[in-house]
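# Chain and residue survey
Each chain, written out:
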Amino acid sequence: MTVIENITVEDFKEYFNRDFPYLPVYNQESIYTTGDIVYSAPYFYESLIDDNQQPLTDTDSWKKVAGNTTDYILDSDITKAFGQARINFNEELFGDIHTITVAYLWLTAFYLVIDIQASTSGLASSFQGFTSSKSVGDVSESYSIPQWMMNSPIFGYYYNNAYGRKYLSLLAPYCVGNVIYSIGGTTLG
């Protein structure tokens, strides 16, 4: 069994715990505070009290609220991205289990973002090109993109979002090697 076959949706959520709005599935073992929103199919609920450990049926502690699961990242979205990442991931390029895991998670996040962007734009989705520099207010971002990667039909696609660029930064050292030529002969006739 390969390393990536053992990586779970929970591993992804733990590694990217601040990056994505995951569906807040109700856990009866958790403690909720006033205003917390949870999901228990097919409804969303809001906690009306602090230190809430009451069941969702307790109307003094919870109320049903409007919500849409498509506003969140679902486990099925992550599983779909795992499948796509698996197609383009070569464990043999990376050394140890930790490095394999980290690189695979970044590649999965890349595909997750691509899928979410495509689903929100539907038929109007299109390639926007690579970001070289962008500013919003006092915040700016820029990327120094090696020309050979930008021109590459394989690597260029990963510059569509920050997760792909991070994956390439992890992959690049394993794609560079030295070639040494030496003059010699052979004893084969």
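The rules behind these values
- Residues numbered from 1 in each chain as written.
- Predicted model: local features only at pLDDT ≥ 70, side-chain atom pairs only at ≥ 80, totals over all residues.
- Heavy atoms only, no water.
- pLDDT = per-residue confidence, 0-100.
- Contact = heavy atoms within 4.5 Å.
- Helix = DSSP H or I, 4+ residues; strand = E, 2+ residues; numbered from the N terminus.
- Buried < 20%, exposed > 50% of the residue type's maximum accessible area, 1.4 Å probe, protein only.
- Lys, Arg positive; Asp, Glu negative; His and termini not counted.
- Salt bridge = Lys/Arg side-chain N within 4 Å of Asp/Glu carboxyl O.
- Pairing = 2+ DSSP bridges.
- Axes fitted to C-alpha atoms, helices over the stretch in contact; angles between N-to-C directions.
- Core = buried A, V, L, I, M, F, W, Y, C linked by side-chain atoms within 4.5 Å.

Of the residues in the protein chain, 81% have a pLDDT of 70 or more, and the chain-wide mean is 86. Contacts of residues 127–131 to residues separated by more than four positions or lying in other chains number 10 contacts, the stretch itself having pLDDT below 50.

Moving on to the side chain of Asp115. Position of Asp115 among the secondary structure elements: in helix H3 (residues 97–121). Buried charge without a salt bridge: Asp115, with Lys80 as the nearest opposite-charge side chain at an N-O distance of 4.2 Å. Apart from the residues within four sequence positions on either side, Asp115 is in contact with Lys80 and Gln84.

Judged by pairing direction, the sheet is antiparallel, and its three strands sit side by side in the order E1-E2-E3 without closing on themselves. Here the strands that pair on one side only, and so sit at the sheet edges, are strand E1 (37–40) and strand E3 (62–65). Along the sheet, successive strands turn relative to each other by an average axial angle of 40°, direction set aside. By the bridge criterion, four bridges tie strand E2 (residues 43–47) to E3 in an arrangement that is antiparallel. Paired with Glu46 across the bridge in E3 is Lys63.

This part takes up the pairing of E1. Along a regular strand, successive side chains alternate from one face of the sheet to the other. Summarising the sheet, E1 and E2 pair through four bridges and their orientation is antiparallel. Bridged to Tyr39 within E2 is Phe44. Taking the residues that link successive antiparallel strands as the turn, the E1-E2 hairpin has two residues.

Before going further, it helps to spend a moment on the nonpolar core. The biggest cluster of nonpolar side chains holds 35 residues, and the ones touching the most others in it are Phe12, Phe16, Phe20, Phe89 and Tyr167. When residues of this core are traced back to their parent elements, those giving at least two are helix H1 (9–15), helix H2 (75–87), H3 and helix H5 (162–171). Here the element with the most residues in this core is H3; it accounts for 13 residues. Discounting chain neighbours no more than four positions away, the residues touching Phe20 are Phe12, Ile73, Ala109, Leu112, Val113 and Tyr163. In this structure, Tyr32, Val38, Leu56 and Trp62 belong to the second largest nonpolar core, which totals six residues.

Phi is mostly negative for residues that are not glycine, and the peptide bonds are mostly trans. Going from Ala41 to Pro42, the amide bond is cis rather than trans, its omega being 5°. Within the secondary structure, Pro42 is located in the loop between E1 and E2.

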